[in-house]
Amino acid sequence: MLKKVSVIVLFFLSVSQVMQAQTSKRLINNWEFVKQDLGGVWEAVRPVKVGNPEELPFWQKVSLPHCFNATDAVDPDVNYYQGPGWYRTSIDVENPYENGRTVLHFEGAGQKTAVYIYNIKVAEHVGGYDEWTADITDAVAKFKKTEVFKTQFKGKIPLVVRCDNSRDLEMIPSNLSDFNVYGGIYRYLNLVYTPQLSVDKLFAKASINDPVGYGKLTVTARLNNPNQVKNARVKIYVTDPNGIGIADFTRDIATFKGDSLLWDWNLRAPKLWSPDVPQQYTVRMDIIAGGQTSTSTQKVGFRKFEFVKKGPFMLNGKRLLLRGTHRHEDHAGVGAAMTEEMITAEIKLMKEMGVNFIRLGHYQQSRIVLDLCDSLGILVWEEIPWCRGGLGGPIYQAQAKRMLTNMIEQHYNHPSIIIWGLGNENDWPGDFTEFDQEKIRTFMKELNQLSHQLDPSRSTAIRRCDFCRDIVDVYSPSIWAGWYRGYYTEYKDVSLEEFNKSERFLHVEWGGDSHARRHSENPDNALSKIKKGGGADERAGDASLYGGAARVSKDGDWSESYIANLIDWHLKEQETMPWLSGTAYWPFKDFSTPIRPENPVPYVNQKGVIERDFTKKEAFYIFQSYWTTTPMVHLYGHTWPIRWGEPGEEKMVKVYSNCDEAELFVNGKSFGVRKRDSQNFPAAGLRWQVPMNKGTYTFKVVAKKGKVVVTDEITQEYQTEKWDKPAKMTLQKIEEKDGIATLEVKVFDAKNVFCLDAINLVSFNLIGDGELIRDQGTSTGSAKVQLYNGRAIIKMKTNNAKSVISVQSKGLLTVFLNQ
């Protein structure tokens, strides 16, 4: 625990961030992996001859980051693997620093991890989301003296890592959570060399009292000094957001106990950090001892925020409406093992959509995410994985406190972070025989106190645990208007009611599921079954597809069309709620979950505005139209090839744009100009009623914002034939490019009329030398998937060979395609 933290800390630099500035190398290639347990570490390092029993089990070649559950998390035919897995490699270790330390820095590995050098265990860690280190200096030195170092391992060091994501009630998060508890070395692993005296943590407090006044920078360090070095020199340099040096400082130090306060410095009228202009200063510190230099570099930001009591959110003295979303560490084909390139693409997509706030659900996430939020200007709520299940015993509680401490110390330096989340849905029992609200309250108070002790500068928050709402600084109740309960038009009234119950109110988690590529001519039909005026809070069983009261989540069509209306209504209302601090849509991207096997894409929570492979749904553009300023325009229906209805029936054509006005052209003919008005629902007034008859329609929109003109265009068919129940399927190849074939199944009635509202579950299979691109957790990458408007797509690698692909659906004859 930090000492005098209220005086000396606002920006922490974790050991991992310090080490990146020293001699560090990512260990990415030349790994082997086995997804099972071994009899012991000896089975990973013993000499093996081809054909002998020691060959078993067979290891597969992998690269890091790597996740046990890259594909089985969304395999519709199995439960995802939870158990041990082993990794092994051989590395060169040559520390350039005399008497220096050699360290393995794990940016995250799930969920319990043990590290071995040859057959010697050197470290263990419990917790899948915080960063940690294993000092291998002594074990490496000892192994280099052995004969097998020279013979069997040819001068390299055998490194073995055992990860384990087995179910464990005395660990957080609970397996009742609505996300996979992944296993593996699913974040980067670094080999780090440090001098004998190095920085363990650097704390650089950047604070302001008045946005137009002075800023203050206080630098404190915690050093790593196992050899008890007596004297050192400290040099500190500061550069402004333009890279211009503005201050430096030098002092000699002779004591290294605890956290040493090194420097106080005042800066007049600092350039402020904000979502629009995320300006950051750079602090560099050199520790020089015995001719060796340890260099630490960190960016900091000056900003002041406040959640006003019974009011909105303020940043740097001005109201800022938090326009947010959520992120899970999850992606098609890799599970949690997202590369830096993938993470960067995702966070940039959020910024493109207009996000200025993100809640990281429901655990500490990669350092890469936080660095991107700092540089792009996205405010952050980050939380520990105390999620559902109740409250465990001493081991459970110690882990939660340890992970809270680690999260704050490792990420406290980031100017983007404004909230430390202490829990999620802690009113959800199930893991223990006892569910005692008072004990949960007591532990929540302990976490709240610990958070404020470690960091008095940021707010604490929880979501959905009403009996703890008074403990934390900011509370988010459960409001799912139009999905789990009620109508979406009740959103403002329900929010105001909850606002009045809270000292400081922030609404995170709203929205609903949408099966990508599924559209509806009458998306709000399900609302006629729903009870109005009963509130919009999610209750026990509401997430189930069975039983209970009527609700859109169970009785609706899960179309993009319905979610478009729900989102559109919420966003227009948020513009008229001056007391609102902000909201966060749940989530940005579809993600895998073990508790939703019967969703249209099995084992996927489909509430995202993009799919699990970054494919944008229509909702992405609705957010853009409200939250961005760069001129954009989007015709609804890019993935809706065929509409339907009566001959001559007027159909609504919707356009989402942030421009002042738009003109619609139908088959080249103008249907007039509409002015944008955010309160004119739906589509902010940019909608046209177009009479349609059987045939092909090309829709083009021309939108203007000042002198800037933007356009969008789609082509749709219009079907007037009515269909009966599905009677047969067809399967055909609709495209092939670069060895990838796209296959499409369609469903027809007995008279060969395309069934445009069919939602049958279909299963794809392949025999031959091709390969289905399946288990991606997407609408076009799943071996089992519900139809969207009577069709479904899957892709396959042809491998320049012959294959037979089949499609099955209950009650219909199986069809085949020779490829």
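So, here is what we can say about the structure in this document.

Reading the values: the criteria
By convention here, each chain's residues receive numbers from 1 onward along its written sequence. In view of the model being predicted, local features appear only for residues whose pLDDT reaches at least 70, and side-chain atom pairs are presented and counted only at 80 or more, with totals across whole chains, interfaces and linings using the full set of residues. Hydrogens are left out, water is left out, and the side-chain values use all remaining heavy atoms of the structure. Buried Ala, Val, Leu, Ile, Met, Phe, Trp, Tyr and Cys residues form a nonpolar core when they are joined through side-chain atoms within 4.5 Å. The rule is simple: take the accessible area with a 1.4 Å probe, protein chains only, and divide by the maximum for that residue type; under 20% is buried, over 50% is exposed, in between is partly exposed. Only strands joined by at least two bridges in the DSSP assignment are considered to pair. Helix and strand definitions here come from DSSP, where helices need a minimum of 4 consecutive H or I residues and strands a minimum of 2 consecutive E residues; each element is numbered from the N-terminal end. Here an angle of 0 to 180 degrees is reported between the N-to-C directions of two axes, which are lines fitted to C-alpha atoms, with helices fitted over the stretch in contact. For Phe, Tyr and Trp, rings pair up if their centres lie within 6.5 Å, where Trp contributes its six-membered ring, and each pair is then called stacked (planes under 30 degrees apart), edge-to-face (over 60) or tilted (otherwise). Each reported salt bridge corresponds to a side-chain nitrogen of Lys or Arg within 4 Å of a carboxyl oxygen of Asp or Glu. Call a crossover right-handed when, viewed with both strands pointing away from you, the route from the first strand across the helix to the second goes clockwise.

Examining the nonpolar core
Part 1 of the argument: Trp386, Ile567 and Phe623 are the most contacted members of the largest nonpolar core, which has 99 residues in total.
Part 2 of the argument: Counting residues in hydrophobic clusters, the runner-up holds 43 residues, among them Trp31, Phe33, Leu64 and Leu189.

Section: the sheet that holds strand 9 (residues 132-135)
Part 1 of the argument: Taking strand neighbours across the sheet as the criterion, the 4 strands line up as 2-11-6-9 in an open arrangement whose pairing is antiparallel. At either margin of the open sheet sits one strand with a lone partner, and together these are strand 2 (23-26) and strand 9. Looking at each pair of strands side by side, their axes are set apart by 25° on average, direction ignored.
Part 2 of the argument: Across 4 bridges, the pairing between strand 2 and strand 11 (residues 189-194) is antiparallel. Bridge pairing in strand 11 links lysine 25 to leucine 191.

As for the packing of aromatic side chains
Part 1 of the argument: Under the criterion given, the structure shown has 46 aromatic pairs.
Part 2 of the argument: Ring geometry for phenylalanine 68 against tyrosine 81: centres 6.1 Å apart, planes inclined by 55°, an arrangement best described as tilted. Taken together, the residues phenylalanine 68 in the loop between strand 4 (60-62) and strand 5 (84-91) and tyrosine 81 in the loop between strand 4 and strand 5 connect sequence positions 13 residues apart.
Part 3 of the argument: On the basis of relative accessibility, which here comes to 5%, the residue phenylalanine 68 falls in the buried class.
Part 4 of the argument: The partly exposed category is assigned to tyrosine 81, whose relative accessible area is 22%.
Part 5 of the argument: Ring geometry for phenylalanine 249 versus tryptophan 263: centroids 5.4 Å apart, planes at 10°, classification stacked. On the criterion of sequence distance, the pair formed by phenylalanine 249 in strand 15 (residues 245-253) and tryptophan 263 in strand 16 (residues 259-268) is long-range, its members being 14 residues apart.
Part 6 of the argument: On the basis of relative accessible area, tryptophan 263 is assigned to the buried category, the value being 8%.
Part 7 of the argument: Every member of this aromatic cluster is reached through a ring pair, and the members are Trp31, Phe33, Phe68, Tyr81 and Tyr87.

Notes on the pattern of salt bridges
Part 1 of the argument: Enumeration over the complete set of coordinates arrives at 57 salt bridges.
Part 2 of the argument: Among the salt bridges present, the one from glutamate 498 reaches arginine 469, with a minimum N-O distance of 2.9 Å. One end of the pair, glutamate 498, is in helix 10 (residues 491-501); the other, arginine 469, is in the loop between strand 26 (459-463) and strand 27 (474-476), and 29 residues separate them in sequence. Each member of the pair, glutamate 498 as well as arginine 469, is classed as buried.

Observations concerning the pairing of strand 25 (residues 417-424)
Part 1 of the argument: Counting buried residues along strand 25, 8 of its 8 residues qualify, which places the element largely inside the surrounding structure.
Part 2 of the argument: Taken together, strand 24 (residues 379-383), helix 8 (residues 394-411) and strand 25 constitute a β-α-β crossover, and its handedness is right-handed.
Part 3 of the argument: One ladder, built from 5 bridges, connects strand 25 with strand 26; its direction is parallel. Within strand 26, the position partnered with tryptophan 420 by the bridge is threonine 460.

Everything listed is a geometric property; what it means functionally is a separate question.
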